[in-house]
Amino acid sequence: MPEPGSRWWTVPEMVGILSNRIQKDELKPGDHIYSWRNAYLYAHHGIYVGDGMVIHFTRGAGQEVGTGTVLDRFIFISSPSRPSDSPCPRCGDQSKAEGVMSSCLECFLYGGELYLFQYGVSPSLFIAKTRGGTCTLAPSDPPEHVLHRAEFLLQNGFGVYNIFKNNCEDFAIYCKTGLLVFTNISVGRSGQATSFLAATTAIVSSPLRFLTTSVSGLAAVGYGVYCVSRFLSDIGVRRDVTKIPVERLVVCPGSQESEPATTDASKESPGSQESEPAAAAADTLKEKES
């Protein structure tokens, strides 16, 4: 039962506590979908655009962490990873592809199950879903806006991949909401990244030892810290996000500042693949303050 004063959970929300898994025939264009990797260690996210195709963002096979160590092979989220000698008949050879890309649903899932990311959930459901990267309190924009952002970024890029500040989940959330983080000191919009940092905070938080001496009490306090940290980091409540038109994410060659871009494909610059979404957010924030 929800806490006093809150609305009752709907049937879909109650079912969603257990799993966000859906069937392929339930998909609609503009849906934010994901698939778990490495025994549910993390998930790969994308936007379903219809006709069995998904637009998603990746750094490239074996390069997600960018440490040059074995971790780059362990944290493996590049879904279109078929060997180059047996490429997908529909997608072709995407084994070395990176950035914003379009893949068929089967390549995106890479043998995993299909899950639907939830938007506009209640605070009680958000807390009940202890695993990050599955839902957010923020509402989704209409599907036509979501598809426009995804298609535009497929042509113009989404900046440089960063596992904590600009990853596949950040891309999908931006397409759904248009929200970007405008500070450089915090993580991006990814629920997976914020959950990891929230768990780290709960584990290493020194004040915990003064609140209880029992193992069960310490676990309860630690879980409470984790839930609060994760809740405050969600884009639906945090204050370091702002809505940015997708056209502003294109950077003109030789310029360090984000500038409005035209939607005319003939005027788009090849150098736009190196745009930085955070720079666009900061630029827009300065305009609001001036």
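Residues numbered from 1 in each chain as written. Predicted model: local features only at pLDDT ≥ 70, side-chain atom pairs only at ≥ 80, totals over all residues. Heavy atoms only, no water.

Chemist: How do you make sense of the side chain of Thr-177 when you look at a structure like this?
Modeler: Relative to the helices and strands, Thr-177 resides in helix H6 (residues 168-177). One polar contact links the side chain of Thr-177 to the main-chain amide nitrogen of Leu-179, over a distance of 3.2 Å. For Thr-177, the contacting residues outside a window of four places in its chain are Tyr-119, Ala-138, Pro-139, Asp-141, Arg-149, Ile-235 and Lys-243. (Helix = DSSP H or I, 4+ residues; strand = E, 2+ residues; numbered from the N terminus. Polar contact = N/O pair within 3.5 Å; in protein donor to acceptor, adjacent residues only side chain to side chain. Contact = heavy atoms within 4.5 Å.)

Chemist: How should I be thinking about unusual backbone geometry in this particular structure?
Modeler: Leaving glycine aside, a negative phi is the common case for residues, and trans is the common case for peptide bonds. One non-glycine residue with positive phi stands out, namely Asp-51, at about 55 degrees. Counting through the fold element by element, Asp-51 comes out in the loop between strand S2 (42-50) and strand S3 (53-58). Overall, Asp-51 belongs to the exposed group, its relative accessible area being 65%. In this structure, Tyr-110 is a non-glycine residue whose phi angle is positive, near 50 degrees. Inspection of the secondary structure assignment puts Tyr-110 in the loop between helix H3 (105-109) and strand S5 (115-116). Look at Tyr-110 and you get partly exposed, because its relative accessible area is 44%. (Buried < 20%, exposed > 50% of the residue type's maximum accessible area, 1.4 Å probe, protein only.)

Chemist: Any chance you could explain H6 here in plain terms?
Modeler: In an α-helix there are 3.6 residues to a turn, and that puts residues three or four apart on one side. Burial within H6 is extensive, with 10 of its 10 residues counted as buried. Looking only at H6, the buried set comprises Cys-168, Glu-169, Asp-170, Phe-171, Ala-172, Ile-173, Tyr-174, Cys-175, Lys-176 and Thr-177. N-capping of H6 is provided by Asn-167, with a side-chain oxygen placed 3.0 Å from the backbone N of Glu-169. Among the residues trailing H6, Gly-178 stands out with phi positive, at a value near 75 degrees.

Chemist: Could you clarify how one ought to interpret the pairing of strand S4 (residues 99-104) in this entry?
Modeler: Among the 6 residues of S4, 5 are classified as buried, and the element is accordingly described as predominantly covered. By the bridge criterion, 6 bridges tie S3 to S4 in an arrangement that is antiparallel. In the sheet register, Ile-55 faces S4, and the bridge partner there is Ser-102. (Pairing = 2+ DSSP bridges.)

Chemist: Can you help me understand the packing of aromatic side chains in this one?
Modeler: Two aromatic rings, taken as a pair, are described by how far apart their centres are and by the angle between their planes. This structure, assessed with the given rule, holds 10 aromatic pairs. Their ring planes at 20 degrees and their centres at 5.4 Å tell us that Tyr-34 and Tyr-115 sit as a pair that is stacked. With Tyr-34 in strand S1 (residues 32-37) and Tyr-115 in strand S5, this pair connects stretches of sequence that are 81 residues apart. Like Tyr-34, the residue Tyr-115 is buried in the burial classification. Where Phe-57 meets Phe-171, the ring centres are 6.1 Å apart and the plane angle is 40 degrees; that geometry is what we call tilted. Residue Phe-57 is located in strand S3, and its partner Phe-171 is located in helix H6; the two are separated by 114 residues in the primary sequence. Look at Phe-57 and you get buried, because its relative accessible area is 1%. (Phe/Tyr/Trp six-rings, centres within 6.5 Å; stacked < 30°, edge-to-face > 60°.)

Chemist: Just to check I follow, could you spell out the packing of helix H5 (residues 143-156) against H6 for this structure?
Modeler: The axes of two packed helices give the description: the angle between them and the distance between them. Direction vectors running N to C along H5 and H6 enclose 135 degrees, while the axes themselves pass 7 Å from each other. Considered as vectors, H5 and H6 are oriented oblique to each other. On H6, the residues touching His-145, Val-146, Arg-149, Ala-150 and Leu-153 of H5 are Phe-171, Tyr-174, Cys-175, Lys-176 and Thr-177. The residue makeup of the contact of H5 with H6, split by class, is 6 nonpolar, 2 polar and 2 charged. (Axes fitted to C-alpha atoms, helices over the stretch in contact; angles between N-to-C directions. Parallel < 35°, antiparallel > 145°, perpendicular 65-115°, else oblique. Nonpolar A, V, L, I, M, F, W, Y, C, P; charged D, E, K, R; others polar.)

Chemist: Just to check I follow, could you spell out the pattern of salt bridges for this structure?
Modeler: Where charged atoms from two side chains of opposite charge approach closely, those side chains can pair. For the structure shown, the criterion picks out 6 salt bridges. Between Glu-113 and Arg-21 there is a salt bridge; the shortest N-O distance is 2.8 Å. Of this pair, Glu-113 sits in the loop between H3 and S5 while Arg-21 sits in the loop between helix H1 (11-18) and S1; the two residues are 92 residues apart in sequence, bridging distant segments of the chain. Given the relative accessible area of 46%, Arg-21 is considered partly exposed. (Salt bridge = Lys/Arg side-chain N within 4 Å of Asp/Glu carboxyl O.)

Chemist: It is not clear to me how H5 should be interpreted in this structure. Could you clarify?
Modeler: For H5, with 14 residues, the first-to-last C-alpha span of 20 Å sits near the 20 Å given by 1.5 Å per residue. Those residues of H5 that sit buried are Val-146, Arg-149, Ala-150, Phe-152, Leu-153 and Asn-156. The arc that holds every buried residue of H5, seen down its axis, measures 165 degrees, which confines them to one face. For H5, the exposed residues set more than 90 degrees away from the buried face come down to Glu-144 and Gln-155. Remark: Gly-157 follows H5 within two positions and exhibits a positive phi of approximately 85 degrees. (Expected span 1.5 Å × (residues − 1). Arc of directions from axis to C-beta.)

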